[in-house]
Amino acid sequence: MMSTDPSLARRLPPARAVDEFVLATVLLFVAVTAVRWLRDPGSAFCVADLDTAITVIGAFSGTVLTLLILTPQGRRSGGHMNPAVTVSLWLMGAFPGRGVLPYVLAQLAGSAAGTGLARLVWGRPVTLPSVDYAAIRPAPGWPSSSVFLAEAGGMAAIVLVVGFLLAHTRLARLLPYAIGLSVALVITLLGTRSGGSANPARQFGPAVLAGRTEDLWIYLVAPVLGAALGAWLDRLLGRLRVRLGLRSRLPAGATRVAASTDPSNEDGVPALAMERHAALRVSDRATVPASTVSVQDENPDDRKD
């Protein structure tokens, strides 16, 4: 059940998709740059051991992702930079449906632009076999089914983290850091196995420019299906909380909405994280009438976690 609040479209001007393009461009440029310097044998910073290199890349990528979310562009757009994240937030009622396609297209275009920019800046080293445009590849011997499940599972775990934090107002400010840490862990744990992408935009540009498109469909489809699974589990857990009497302050049926585009959030939290969480909705048979509320609708006397 997604929100049909018409104000959602007004809250998401086209410029937010431009923000996503810029953020995705920077993210991919940095990702390719990290791989270029850490995996090029001729680099002064080359890390020969793959496991160590993946760990460093994971920590670096998670840090960069958090910083990008905290930028003015990240605050305005929500700092998705990942089509699977956009889809999951839509499924959880936190993002307007008509904004999904512009965001996804902007993220994929940014992926290609960032990868191409890295090629222009760093030149031939980006094309070396050890770098290969930072295109992700699974470990030898890993079948497509295993890669698919790993990538979907990694994304589902990230979505559950997002859903949990959005369900608790006082924890929402931790969202940028939790996302960065989650992504770092996925890269570290799955990097030498499935590749640890969990982001269609992370693989799209590098794979296309490197000509490694034979298994690209896995990295495009698996994270999106994992996001859908995570959103479903998030809602299931919300219903469980209701039955256990741990329901959030929102009335049943309340919807999360895409956040205000005001970038002035002093805590640096993506605006969408400060809106209310819909995962704790109960079914249409609930005795409490459904409604759409925002932070301003809360009763000050109830603001206790």
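What this report covers is the structure whose coordinates are included nearby. Note that the structure is predicted; figures quoted are calculated from it, not measured.

For the protein, the count of helices and strands is 10 helices and zero strands. Ordering the α and β elements of the protein from the N terminus gives α-α-α-α-α-α-α-α-α-α. By residue count, 53% of the 305 residues in the protein fall in the buried class. Contacts spanning at least 24 positions in sequence make up 77% of the contacts within the protein whose residues lie at least 6 apart. Accessible surface, the protein as shown: approximately 13,700 Å² in total, 64% of it carbon and sulfur.

Time to look at the packing of aromatic side chains. Two descriptors summarise a pair of aromatic rings, namely the distance from one centre to the other and the angle between the planes of the rings. Applying the stated criterion across every chain yields a total of four aromatic pairs. Ring centres of W37 and F45 lie 6.0 Å apart, and the angle between their planes is 75°; on these two criteria the pair is classed as edge-to-face. Overall, W37 belongs to the partly exposed group, its relative accessible area being 27%. Overall, F45 belongs to the exposed group, its relative accessible area being 56%. Considering the side-chain rings of W37 and W122, the 5.4 Å spacing of their centres and the 85° angle between planes classify their relative orientation as edge-to-face. Taken as a pair, W37 in helix α2 (residues 15–39) and W122 in helix α6 (residues 100–122) lie far apart in primary sequence, 85 residues in all. The class for W122 is partly exposed, based on a relative accessible area of 26%.

Over its 23 residues, α6 extends 33 Å from the first C-alpha to the last, a length consistent with the 33 Å expected when each residue adds 1.5 Å. Among all positions in α6, only V100, Y103, V104, A106, Q107, L108, G110, S111, G114, T115, G116 and A118 are buried. As for α6, its buried residues are in contact with α2, α4 (72–77), α5 (83–91) and α9 (200–210). G123 lies just past α6 and shows a positive phi near 70°.

Together, V18, F21, V22 and V26 make up a nonpolar patch on the protein surface, roughly 280 Å² of accessible area in all. Examined against the element boundaries, V18 turns out to sit in helix α2.

Take α5 next. Counting buried positions over the nine residues of α5 gives seven, a clear majority of the element. Along α5, the positions that sit buried rather than exposed are P83, A84, V85, T86, V87, S88 and L89. On its buried face, α5 is in contact with α6, α7 (144–166), α9 and α10 (216–243).

This part takes up the packing of α7 against helix α8 (residues 175–190). At a closest axis distance of 10 Å, the pairing of α7 and α8 adopts a crossing angle of 160°. Relative to α8, α7 is oriented roughly antiparallel. When the axes of α7 and α8 are compared, the crossing they make is right-handed. Within the contact between the two elements, α7 uses A150, G154, I158, V161, V162, L165 and L166 and α8 uses L175, A178, I179, S182, V183, V186 and L190.

Moving on: the nonpolar core. By size, the foremost hydrophobic cluster in this structure holds 42 residues, and its most contacted members are M81, L89, M155 and I179. Counting only elements with at least two residues in this core, the list comes to α2, α3 (50–69), α5, α6, α7, α8 and α10. Not counting residues within four places of it along the chain, the set of residues in contact with M81 comprises E20, L23, A24, L27, L65, L68, I69, Q107, N199 and A201.

Before going further, it helps to spend a moment on the pattern of salt bridges. Throughout the structure, instances matching the rule amount to five salt bridges. What emerges from the salt-bridge pattern is a single network uniting R16, D19 and R76.

A separate point is the side chain of T25. Among the structural elements, T25 can be located in helix α2. Sequence-distant contacts of T25, defined by excluding residues within four places in its chain, comprise G110, A113 and G114.

Reading the values: the criteria
Residues numbered from 1 in each chain as written. Predicted model: local features only at pLDDT ≥ 70, side-chain atom pairs only at ≥ 80, totals over all residues. Heavy atoms only, no water. Helix = DSSP H or I, 4+ residues; strand = E, 2+ residues; numbered from the N terminus. Buried < 20%, exposed > 50% of the residue type's maximum accessible area, 1.4 Å probe, protein only. Contact = heavy atoms within 4.5 Å. Areas by Shrake-Rupley, 256 points an atom, 1.4 Å probe, with all protein chains shown as cover. Phe/Tyr/Trp six-rings, centres within 6.5 Å; stacked < 30°, edge-to-face > 60°. Expected span 1.5 Å × (residues − 1). Patch = residues over 30% accessible without salt bridge, like charges linked within 9 Å, V, L, I, M, F, W, Y side chains within 5 Å. Salt bridge = Lys/Arg side-chain N within 4 Å of Asp/Glu carboxyl O. Axes fitted to C-alpha atoms, helices over the stretch in contact; angles between N-to-C directions. Parallel < 35°, antiparallel > 145°, perpendicular 65-115°, else oblique. Left-handed = near helix turned anticlockwise from the far one by under 90°. Core = buried A, V, L, I, M, F, W, Y, C linked by side-chain atoms within 4.5 Å.

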